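Understanding the architecture of this molecule
So you can see what is in the structure, the chains are spelled out below.
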Amino acid sequence: ARANRICEYCLIHEEDTFFGCEVDHVISQKHGGPTEEDNLALACLICNRNKGSDIASLSPKTRELVRLFNPRTDRWLEHFAFAQDGFTIEALTPIGEATVRILGLNDGERLLERQALQAEGRYPPEAARRLLAEPDSPL
């Protein structure tokens with residue numbers, strides 16, 4: 001309910017994905033993350049599978065360890081923006097860059113899916129636009 005059935009990483013609506021969404025442990029149980037509300041996020045199957053138990057990655061530019069985006073503590077618009085085309089997700093920070101790369105947010109098939117949804121006026125979904133506009137939104 002908190003995410004309005006929208007993937008908290010790529011912002012696709014659950015109804016627009018073939019496999020729907022599932023609950024993601026932001027910090028995986030493998031790394032000691034609890035199964036508690038402040039460590040759970042809604043993720044589409046592709047984002048969740050690509051993320052796996054990852055919590056960080058090495059920056060290709062600096063070779064420093066950079067944590068991934070945390071939907072419970074980070075604001076989406078501080079780390080990401082939509083490119084001029086309206087469906088490509090651009091990274092604004094090293095956290096955004098690591099997340100875009102690890103989750104494959106701009107892989108070819110995902111861009112085609114979001115482009116088709118955008119052409120139908122379904123991406124980003126209206127609920128995501130409203131949530132992103134709210135200062136205290138969960139996204």
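**A few points about unusual backbone geometry**
The omega torsion across Tyr 123 and Pro 124 is -10 degrees, close enough to zero to call that bond cis. One non-glycine residue, Asn 4, lies in the positive phi region at around 55 degrees. Position of Asn 4 among the secondary structure elements: in the segment before strand S1 (21–25). For Arg 63, which is not a glycine, the phi torsion comes out positive at approximately 65 degrees. With respect to the helices, strands and loops of the structure, Arg 63 is situated in the loop between strand S3 (56–58) and strand S4 (65–67). The class for Arg 63 is exposed, based on a relative accessible area of 55%.

**Digging into the nonpolar core**
Ranked by internal contacts, the top residues of the largest apolar core, which has 31 residues, are Cys 7, Tyr 9, Cys 10, Cys 47, Ile 89 and Leu 105. Among the secondary structure elements, those contributing two or more residues to this core are strand S2 (40–44), helix H3 (94–103) and helix H5 (126–133). Dropping the residues within four chain positions of it, Cys 7 is found in contact with Ile 12, Cys 21, Leu 42, Ala 43, Cys 44 and Cys 47.

**Quick notes on the packing of aromatic side chains**
One pass over the structure, following the stated rule, counts six aromatic pairs. Centre to centre, the rings of Phe 69 and Phe 80 are 5.1 Å apart; their planes meet at 75 degrees, and the pair counts as edge-to-face. With a gap of 11 residues between them, Phe 69 in the loop between S4 and helix H2 (76–79) and Phe 80 in strand S5 (residues 80–82) connect regions that are remote in the sequence. Like Phe 69, the residue Phe 80 is buried in the burial classification. Between Phe 82 and Tyr 123 the ring centres are 5.7 Å apart and the planes differ by 90 degrees, which places this aromatic pair in the edge-to-face class. Of the two residues, Phe 82 sits in strand S5 while Tyr 123 sits in the loop between helix H4 (108–119) and H5, which places them 41 residues apart along the sequence. Classification of Tyr 123 by relative accessible area gives buried; the value is 2%. Three or more aromatic residues link up through ring pairs in this structure, and these residues are Tyr 9, Phe 69, Trp 76, Phe 80, Phe 82 and Tyr 123.

The rules behind the values
- Residues numbered from 1 in each chain as written.
- Predicted model: local features only at pLDDT ≥ 70, side-chain atom pairs only at ≥ 80, totals over all residues.
- Heavy atoms only, no water.
- Helix = DSSP H or I, 4+ residues; strand = E, 2+ residues; numbered from the N terminus.
- Buried < 20%, exposed > 50% of the residue type's maximum accessible area, 1.4 Å probe, protein only.
- Core = buried A, V, L, I, M, F, W, Y, C linked by side-chain atoms within 4.5 Å.
- Contact = heavy atoms within 4.5 Å.
- Phe/Tyr/Trp six-rings, centres within 6.5 Å; stacked < 30°, edge-to-face > 60°.

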